[in-house]
Amino acid sequence: MEYQYPIDYSWSTDEIVDVIKFFEAVEKAYEKGIERDEMMKTYRRFKEIVPSIAEEKTICGEFEEISGYSSYRTIKKAKESVSGDRIIMK
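The structure contained in this document is the topic of the report that follows. Once a new chain begins, its residue numbering starts again from 1 and follows that chain's sequence as written. It should be noted that, the model being predicted, local features are given only for residues of pLDDT at least 70 and side-chain atom pairs only at 80 or more, the latter also being counted only at that level, while totals for whole chains, interfaces and linings use all residues. Heavy atoms throughout the structure, all of them, feed into the side-chain values; hydrogens and water do not.

**What to know about the nonpolar core**
Across soluble globular proteins, nonpolar side chains have a tendency to be buried as a group.
Okay, so step 1: Think of a nonpolar core as a cluster: buried Ala, Val, Leu, Ile, Met, Phe, Trp, Tyr and Cys residues, connected wherever their side-chain atoms sit within 4.5 Å. Type-normalised accessible area, obtained with a 1.4 Å probe on protein chains alone, sets the label of each residue: buried when under 20%, exposed when over 50%, and partly exposed for intermediate values. By size, the foremost hydrophobic cluster in this structure holds 25 residues, and its most contacted members are Trp11, Phe22, Phe23, Val26, Met39 and Phe46.
Okay, so step 2: Secondary structure counts use DSSP, requiring at least four H or I residues in a row for a helix and at least two E residues in a row for a strand, with both numbered from the N terminus. Every element with two or more residues in this core is listed here: helix H1 (13-31), helix H2 (36-49), helix H3 (53-67) and helix H4 (71-80).
Okay, so step 3: Per element, the largest residue contribution to this core is eight residues, and it comes from H1.
Okay, so step 4: Beyond its immediate stretch of four places on either side in the chain, Met39 contacts Phe22, Ala25, Val26, Ile34, Thr74, Ile75 and Ala78. Should any heavy atoms of two residues lie within 4.5 Å, those residues are counted as being in contact.

Here you go:
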């Protein structure tokens, strides 16, 4: 896909890389599926960088607008799953 991930330029390089990894994990859930534990690991790191719910909604909303992939629905499904499950979004 050809689009830019929503990032905050006040983040460090490592933080930007980790936020991009989170969005790539969401993409993977839609495109071929992802292990629940891998999804949750990237989400926990994302929440360390973006602890504010309002900021999370803004960033994830921007990502969904440009990609068509819902971070919210993906994380909701992952939270409802158990360790070892595979998250596959439609």
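Having seen the model, we can carry on.
**Details of the pattern of salt bridges**
Pairs can form between side chains of opposite charge whenever their charged atoms are close.
Okay, so step 1: What counts as a salt bridge is simple: a side-chain nitrogen of Lys or Arg found within 4 Å of a carboxyl oxygen of Asp or Glu. Evaluated as defined, the whole model comprises seven salt bridges.
Okay, so step 2: The shortest N-O distance in the salt bridge between Arg36 and Asp37 comes to 3.5 Å.
Okay, so step 3: Judged by its relative accessible area of 36%, Asp37 is partly exposed.

**Some details on the side chain of Thr74**
Okay, so step 1: Within the secondary structure, Thr74 is located in helix H4.
Okay, so step 2: The definition of a polar contact used here is a pair of N or O atoms within 3.5 Å, where within protein one atom must be able to donate a hydrogen and the other to accept one, and adjacent residues in sequence count solely through side-chain atom pairs. Engagement of the side chain of Thr74 in a polar contact is seen with the backbone oxygen of Ser70, the distance being 2.8 Å.
Okay, so step 3: Leave out the neighbours within four places in its chain, and Thr74 touches Val26, Ala29, Tyr30, Met39, Ile87 and Met89.

**A few points about the layout of surface pockets**
Okay, so step 1: Space inside and on the surface of the protein is sampled on a 1 Å grid over the protein atoms alone, with a cavity defined as a set of points where a 1.4 Å probe fits but cannot get out and a pocket as an open set with protein on both sides within 12 Å along at least 5 of 7 lines; lining residues have an atom within 4 Å of a point. Grid points are joined across faces, edges and corners, and a volume is the space filled by probe spheres set on the points. Reported here for the largest pocket is a volume of approximately 170 Å³.
Okay, so step 2: What lines the largest pocket is simply Ile53, Glu56, Lys57, Cys60, Gly61, Glu64, Ser70, Ser71 and Tyr72.
Okay, so step 3: Counting residues per element, the ones that place at least two in the lining of the largest pocket are H3 and H4.
Okay, so step 4: For the lining of the largest pocket, the element with the most residues is H3, which contributes six residues.
Okay, so step 5: Across the lining of the largest pocket, the residue classes tally to three nonpolar, three polar and three charged. Each residue gets one of three labels, nonpolar for Ala, Val, Leu, Ile, Met, Phe, Trp, Tyr, Cys and Pro, charged for Asp, Glu, Lys and Arg, and polar for the others, Gly among them.

**Structural notes on the packing of aromatic side chains**
Okay, so step 1: Put simply, two rings from Phe, Tyr or Trp (the six-membered ring, in Trp's case) pair if the centres are within 6.5 Å, and we call them stacked under 30 degrees between planes, edge-to-face over 60, tilted for the rest. On inspection of all chains with the given rule, the structure shows 11 aromatic pairs.
Okay, so step 2: On the basis of an interplanar angle of 70° and a centroid distance of 6.3 Å, the ring pair of Tyr3 and Phe63 is categorised as edge-to-face. Here Phe63 lies in helix H3 and Tyr3 lies in the segment before H1, a separation of 60 residues in the sequence. For the residue pair Tyr3 and Phe63, the accessibility class agrees, reading buried in each case.
Okay, so step 3: Relative to Phe23, the ring of Phe22 has its centre 5.4 Å away and its plane inclined at 50°; by these criteria the two rings are tilted.

**Some words on H3**
Quick reminder: α-helices carry 3.6 residues per turn. Residues three or four places apart thus point the same way.
Okay, so step 1: Under the convention used throughout, the expected extent of a helix is 1.5 Å for every residue step, that is, one less than its residue count. Here H3 spans 20 Å end to end across 15 residues, near enough to the 21 Å set by a 1.5 Å rise per residue.
Okay, so step 2: Each element contacted by the buried residues of H3 is listed here: H1, H2 and H4.
Okay, so step 3: Of the residues flanking the end of H3, it is Gly68, one or two places downstream, whose phi is positive at about 85°.

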